[in-house]
Amino acid sequence: MTRKTVYYNIEQPRLEGSSTRSMKVVVINETFSPKMGYLGTMLPKYLARAGLDVHVIATDLAAYYNLNEFKSGVPGFLQEQTLQAGTVMQIDGYTAHILPHGRALGHVLMRGLAAKLHVLRPDVVYSVLAIGWMPLEAALVKCVSGYRLFTGSHTSALMFAGDGTRPRGALARARDFCVRWLPGRFVSLFSERCYCPTADCGEVAWKRFGVQRSKIDIVHLGIDPEFFHPISGAAERELRAELRRRLGFHPSDIVCIYTGKMTEGKNVILLARAVEQLRSEGRPFRALFVGDGNQRAAVENQTGCVVLDFMPFSQLGDYYRASDVAVWLTNESTSMLDAAACGIPIVVSDRIYQDHVTGNGLAYRMNDLGSLCEQLRMLENSRLRARLGAAGARKMRDSFSWELAAQRRVRDFTAALGRQPRS
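Residues numbered from 1 in each chain as written. Predicted model: local features only at pLDDT ≥ 70, side-chain atom pairs only at ≥ 80, totals over all residues. Heavy atoms only, no water.

Can you explain unusual backbone geometry? Please cite residues and give values.
Located in the positive-phi region is Tyr 64, a residue other than glycine, with phi close to 65°. With a relative accessible area of 14%, Tyr 64 lands in the buried category. (Buried < 20%, exposed > 50% of the residue type's maximum accessible area, 1.4 Å probe, protein only.)

What follows is the structure, encoded as structure tokens:
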């Protein structure tokens, strides 16, 4: 296979006080999408800024490859950044290695992972997943390579099929035990910590995925302040006005933005219906959707809605700042943090964790149109929006940042090594 190498050579500053330049860290993730601002790209960026020698290993699969809604075709934005196996990309101070994927027993694996780990000789391996073939292989290789292994688990109770919303039979429980709990416990025995972004993700990890409870560590996801921050200066105020004009919004409109997958699980049509209801009451609400999925056509048919395609995360901050409220209808999304960092209040489901919304947004009864309309009516008050938005921007800056998340992990990696990194 011909290796394709792409060099971005983006110079990044180091975090102050860093003394860990020689520590080599490998981050293992299923997919790699350089234009999406998720943990798989943001955490390596800030680990590299802390002075670590960071390598990401991922498969050649597209983001969201496993969603039923995208089985018939992955949206163009996602497909165009899917990298070929053999690609080596240097970006944001770290190196990404793309390996071919395979399947065994119906689950994705990464071909050549063990060989790549032997070549890279890392001091620390961080698997974004706590269960599956990739963390299992990383645990096995650890036995001969001697690196320190860390994992993560981002499956919330709401996302997990067996979260109690429907009965689970004995056969289903037995299958979960064999394919999730047992392999997860094996991986956990060979790992140092399992990072979970929320308490309910941690609960799923130890109850369903076999992670030892003592190794669960709750560390929030983060925001990148280079792109996600409140309006500052005349240029950004003018950009806000220009974007709203371009999208057909009036200066007095209250624009509610949603970004991400427009799938049944996200139930974005509910926001479109809420806006239609509020407009029928004579209230100045509009909605802006950025993304794609099988609910897109239905949303486009609702009055007061504008739909844009997926776009690079580096552009999203401008659209959050051009909006007045951000809304997510069901489960968690790191985009909630990005929107809050841009100084606008957020509305989220009452079924998810609330750390990121308490004091800077509102929770509605999930999938309840009347409750959503009620919360949005409250946010018609511009003073309330300004107060909640300012609180959210402060909270994201002080408590939810990729820099903080990276520093926390660097301390853990250093403590786990307990010695100078290997030469």
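Run through the packing of helix 3 (residues 113-120) against helix 4 (residues 133-145), naming residues and quoting values.
Packing of helix 3 against helix 4 leaves a shortest axis separation of 10 Å and a crossing angle of 45°. Regarding the angle of helix 3 to helix 4, the classification is oblique. The crossing of helix 3 and helix 4 is right-handed. Along the contact surface, helix 3 presents Leu 113, Ala 114, Leu 117 and His 118, while helix 4 presents Met 134, Glu 137, Val 141, Val 144 and Ser 145. Partitioned by chemical class, the residues of the contact of helix 3 with helix 4 number six nonpolar, two polar and one charged. (Axes fitted to C-alpha atoms, helices over the stretch in contact; angles between N-to-C directions. Helix = DSSP H or I, 4+ residues; strand = E, 2+ residues; numbered from the N terminus. Parallel < 35°, antiparallel > 145°, perpendicular 65-115°, else oblique. Left-handed = near helix turned anticlockwise from the far one by under 90°. Contact = heavy atoms within 4.5 Å. Nonpolar A, V, L, I, M, F, W, Y, C, P; charged D, E, K, R; others polar.)

Any chance you could break down the side chain of Arg 409 for me, citing the residues and the numbers?
Along the chain, Arg 409 falls in helix 14 (residues 402-417). Of the polar contacts made by the side chain of Arg 409, one reaches the side chain of Tyr 126; its length is 3.3 Å. Ignoring anything within four residues of it in the chain, the contact list for Arg 409 reads Leu 39, Leu 43, Leu 47, Tyr 126, Tyr 195 and Val 219. (Polar contact = N/O pair within 3.5 Å; in protein donor to acceptor, adjacent residues only side chain to side chain.)

So what about empty space enclosed by the protein? Which residues, and what values?
As enumerated under the stated definition, the model contains two cavities of 30 Å³ or more in all. For the largest cavity, the calculated volume is near 170 Å³. Lining of the largest cavity is provided by 17 residues; of these, Met 36, Tyr 38, Met 311, Leu 316 and Ser 335 occupy positions nearest its centre. Elements with a minimum of two residues in the lining of the largest cavity: strand 12 (254-261), helix 10 (313-321) and helix 11 (334-341). The class makeup of the residues in the lining of the largest cavity is eleven nonpolar, four polar and two charged. What the second largest cavity holds in volume is close to 30 Å³. (1 Å grid on protein atoms, 1.4 Å probe; cavity = no way out; pocket = protein on both sides within 12 Å on 5 of 7 lines; lining within 4 Å. Points joined across faces, edges and corners; volume = space filled by probe spheres on them.)

Which residues make up helix 7 (residues 234-247), and what values go with them?
Compared with the 20 Å implied by 1.5 Å per residue over 14 residues, the 20 Å span of helix 7 between its first and last C-alpha is a close match. Within helix 7, the full set of buried residues consists of Glu 236, Leu 243, Arg 244 and Leu 247. The arc that holds the buried residues of helix 7, viewed along the axis, is 100°, so those residues lie on one side. Across helix 7 from its buried face, at more than 90 degrees, point the exposed residues Ala 234, Ala 235, Arg 237 and Arg 246. Those residues of helix 7 that are buried are in contact with strand 12, strand 13 (285-292), strand 14 (305-308) and helix 10. Of the residues flanking the end of helix 7, it is Gly 248, one or two places downstream, whose phi is positive at about 85°. (Expected span 1.5 Å × (residues − 1). Arc of directions from axis to C-beta.)

Can you break down the nonpolar core residue by residue, with the values?
In this structure, Phe 32, Leu 288, Phe 289, Leu 376 and Phe 413 are the most contacted members of the largest nonpolar core, which totals 99 residues. Leave out the neighbours within four places in its chain, and Leu 288 touches Leu 247, Phe 249, Val 255, Cys 256, Ile 257, Tyr 258, Val 306, Leu 308, Tyr 319 and Ser 323. Tyr 65, Ala 138, Val 141 and Leu 149 belong to the second largest nonpolar core, which has 20 residues in total. (Core = buried A, V, L, I, M, F, W, Y, C linked by side-chain atoms within 4.5 Å.)

Could you give an account of the pattern of salt bridges, naming the residues involved and the relevant values?
Here the structure, examined in full by the defined rule, presents 25 salt bridges. Here Asp 412 ties to Arg 193 by a salt bridge, and the two come within 3.6 Å at their closest N and O atoms. Here Arg 193 lies in the loop between helix 5 (170-189) and strand 10 (194-196) and Asp 412 lies in helix 14, a separation of 219 residues in the sequence. For Asp 412, a relative accessible area of 12% puts it in the buried group. A residue is classified by how much of its surface remains accessible, and Arg 193, at 33% relative accessible area, is partly exposed. Between Arg 283 and Glu 281 there is a salt bridge, with its nearest N and O atoms 2.7 Å apart. The partly exposed category is assigned to Arg 283, whose relative accessible area is 28%. Overall, Glu 281 belongs to the partly exposed group, its relative accessible area being 34%. Via salt bridges that share partners, Lys 45, Arg 49, Asp 224 and Glu 226 belong to a single interconnected network. (Salt bridge = Lys/Arg side-chain N within 4 Å of Asp/Glu carboxyl O.)

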